[in-house]
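# Coordinate analysis (summary)
So you can see what is in the structure, the chains are spelled out below.
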Amino acid sequence: MNHKIILVCICLLFPGLPAQVYSQKYKAFLDIRLDEAPLQYDRMIFGQFIEHFHRQVYGGIFEPGSPLSDERGFRKDVILALRELKVPVVRWPGGCFVSSYHWMNGVGPVRVPVYDKAWHVEDPNTFGTDEFVSWCREIGAEPYICTNAGTGTPEEMSEWVEYCNLREMGKFAAMRRANGFEEPHAVKYWSIGNENYGAWELGAKTVDEWGDFVRESAKLMLNVDPTIHLFAAALPDTAWTIPLLQRAGPYLDYISIHGYWDRLQQVNDPSDYLSCMRFSVMPERRILNTIRILEETGYAGKIRIAFDEWNLRSWHHPGHGLHREQQDIAARDLNDLNSTYTMADAIFTACFLNACLRQSDHVAMACMAPVVNTRGPLYVYPEGLVKRTTYHVMYMYANYLQPFVIPCDLHSDVFRVPGPGGDTNIPVVDAIVTCSEDRKTLTLSLVNRHPDQEAGCRLSLPDLPDSLQAYVLQGDSPDAFNDVDAPGRVVPETRTLRPRNGSLSLPPHSLLMITIKR
Ligand code: AHR
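Residues numbered from 1 in each chain as written. Predicted model: local features only at pLDDT ≥ 70, side-chain atom pairs only at ≥ 80, totals over all residues. Heavy atoms only, no water.

### Some remarks on the overall build of the protein chain
Helices and strands together make up the secondary structure of the protein chain, namely 12 helices and 25 strands. Its C-alpha radius of gyration of 24 Å places the protein chain within 12% of the 24 Å reference for a compact globule of 518 residues. Dimensions of the protein chain, computed from C-alpha atoms along their principal axes, come out at roughly 85 × 50 × 45 Å. The burial tally for the protein chain puts 59% of its 518 residues in the buried class. For the protein chain, restricting intrachain contacts to residue pairs at least 6 apart in sequence, the fraction spanning at least 24 positions comes to 75%. (Helix = DSSP H or I, 4+ residues; strand = E, 2+ residues; numbered from the N terminus. Rg over C-alpha atoms; globule rule 2.2 N^0.38 Å. Buried < 20%, exposed > 50% of the residue type's maximum accessible area, 1.4 Å probe, protein only. Contact = heavy atoms within 4.5 Å.)

See below:
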């Protein structure tokens, strides 16, 4: 008996169910465990990252002389757009850039341009520590400084902390005051190094070197300011991270992990929607592997995870990391093609944030890489900016979710996605449930990964109202994107949903946020 005949029979037997529930090929059940204690997640999960790379800083957030910039050179339109995201923290100045960056070149009245050995360009040093901290305060975000554990020294790191956080003792605090900043910058978040495990990183360290180097750096930095929160470059890999924790664990508050899944560093050939859906289940595996290492070493609950560089798509910078090969600087402009950033990027981003929220008893920070230009949610050009699809996802998470996560179990049909190692079954629906402290207000984030099929998602909530207002990000196609000439093609819309027997119909390739008052 074919699908259609079955459909007719069910319609006759159960006239109350509308056609779209019968016709839904895919279904999910979200069991919301309202009787269990909700967990307050850290809003630092909605953090951002910016690096001295291509047009992220110069020509991105910082454009002196632009009619769109303020007297300090900060793009005012970018500041407004990031305030709307309620960005809680921004990590800076790298990334690979930082592993040969010397912070003193970027402070003081005289800024001397230097050759950037990471990215093979000249850095004017006109945007340095004071500009970064001032810019963060302007957008309402905490500054998070990643230090140079490549060519730098523990002492140089600790002097950076002196410059930022000591009120008046010593020459570095005096230097900050002489530069016009009487009050300390009060930078709370400091990372020791960036990806020092990688052969591509300047001044990379061995496993045996890394733990001791981190410990000695931490001691100096904490002896300047014992209140700072310390991070160190880590991996979801026992061989690197267990020795790090054994030698420096007592000094750390976070371990930093990174992730890019659509590998485009050398060849800029963005993966299609279905491949990106296959990628969208991978971040949580990386988080779970890291949690297991923290549990194995006894640091679970004491040290938390900072996923402080993440994006579906890695940055395109051909030649980088392939020493003795010229880097193709002009090719970096391919990162700016807005057609790359479709609903695939939006759905991936929603699934990534859902993973961090699900694991928020261990994940306490995440920084999208980067915030402006390259693969970021904002594309900035001389005359204006474009809010890419991922901007709207970050906006919805930062503005609509409640402050607590409720435990829930999701049972979802799967769909087959082709991949290099053969087909993979991917859950059609992904979901997270947040609530107010009194659990009377729930906000659900529901994702339908399927490119062209609706999905029915039944909720375990009794007495759903007849209609619910939802914010929906869907676009007219899985490949829809925003661009300079079509900035509003993909934007959140409000739609009325009519639950049927506790089930909601999720449109294809969509993110829905629904608030339910109990
Ligand atoms: O592609 C950008 C680089 O990716 C960052 O500079 C580094 O931290 C990561 O490897």
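Alright, that's what it looks like, and here's the rest.
### Describing the sheet that holds strand β25 (residues 510-517)
In spatial order, the strands read β2-β15-β19-β20-β25-β22-β23; together these seven strands make up an open sheet with antiparallel pairing. Only two strands of the sheet have a single neighbouring strand rather than two, namely β2 (39-40) and β23 (493-497). Sheet analysis places strand β20 (residues 441-448) next to β25, joined by eight bridges and oriented antiparallel. Opposite Leu-444, over in β25, you have Ile-514 as the bridge partner. Packing against the sheet, helix α11 (residues 343-358) makes contact with β15 (404-405), β19 (429-435), β20, β22 (468-473) and β25, and its axis sits at approximately 50° to β19. Sitting on the sheet, helix α12 (residues 389-400) is in contact with β20, β22 and β25, with an inclination near 145° to β22. (Pairing = 2+ DSSP bridges. Axes fitted to C-alpha atoms, helices over the stretch in contact; angles between N-to-C directions.)

### Points about the layout of surface pockets
Considering only enclosed or pocket space, the largest pocket measures out at about 470 Å³ in volume. In terms of lining residues, the largest pocket is bounded by 21 residues, among which Glu-195, Trp-200, Tyr-260, Arg-263 and Gln-265 are the most central. At three residues, the largest contribution of residues to the lining of the largest pocket is made by strand β10 (residues 254-262). Of the residues contributing to the lining of the largest pocket, the split by class is eight nonpolar, eight polar and five charged. (1 Å grid on protein atoms, 1.4 Å probe; cavity = no way out; pocket = protein on both sides within 12 Å on 5 of 7 lines; lining within 4 Å. Points joined across faces, edges and corners; volume = space filled by probe spheres on them. Nonpolar A, V, L, I, M, F, W, Y, C, P; charged D, E, K, R; others polar.)

### Things to note about the domain arrangement of the protein chain
For the protein chain, the assigned domains read domain 1 (13-39 + 405-517) and domain 2 (46-401). The C-alpha-based centres of domain 1 and domain 2 are spaced at 31 Å. Listed by partner, the interface residues are 42 residues for domain 1 and 33 residues for domain 2. For the pairing of domain 1 and domain 2, the buried interface totals around 3,100 Å² over both sides, and the portion due to carbon and sulfur atoms is 72%. Taken together, the links from domain 1 to domain 2 amount to one salt bridge. On inspection of domain 1 and its partner domain 2, the count reaches 14 residue pairs in polar contact (both at pLDDT 80 or more). (Domains from an automatic or database assignment. Buried area = accessible area lost by both parts, 1.4 Å probe. Salt bridge = Lys/Arg side-chain N within 4 Å of Asp/Glu carboxyl O. Polar contact = N/O pair within 3.5 Å; in protein donor to acceptor, adjacent residues only side chain to side chain.)

### Some words on the confidence of the model for the protein chain
Per-chain confidence: the protein chain averages 95 in pLDDT, with 96% of residues scoring 70 or above. Note on residues 1-22: pLDDT under 50 across the span, and 17 contacts to partners over four residues away in sequence or across chains. (pLDDT = per-residue confidence, 0-100.)

### Regarding the sheet that holds strand β16 (residues 408-412)
The mixed open sheet is built from four strands, whose spatial order is β16-β1-β21-β24. Of all the strands in the sheet, the pair left with one neighbour each is β16 and β24 (503-506). Across the sheet, the mean angle separating the axes of adjacent strands is 20° when strand polarity is ignored. Direction of pairing for strand β1 (residues 26-32) relative to β16: antiparallel, over a ladder of five bridges. Looking at β16, one finds that Ala-28 is bridged to Ser-412.

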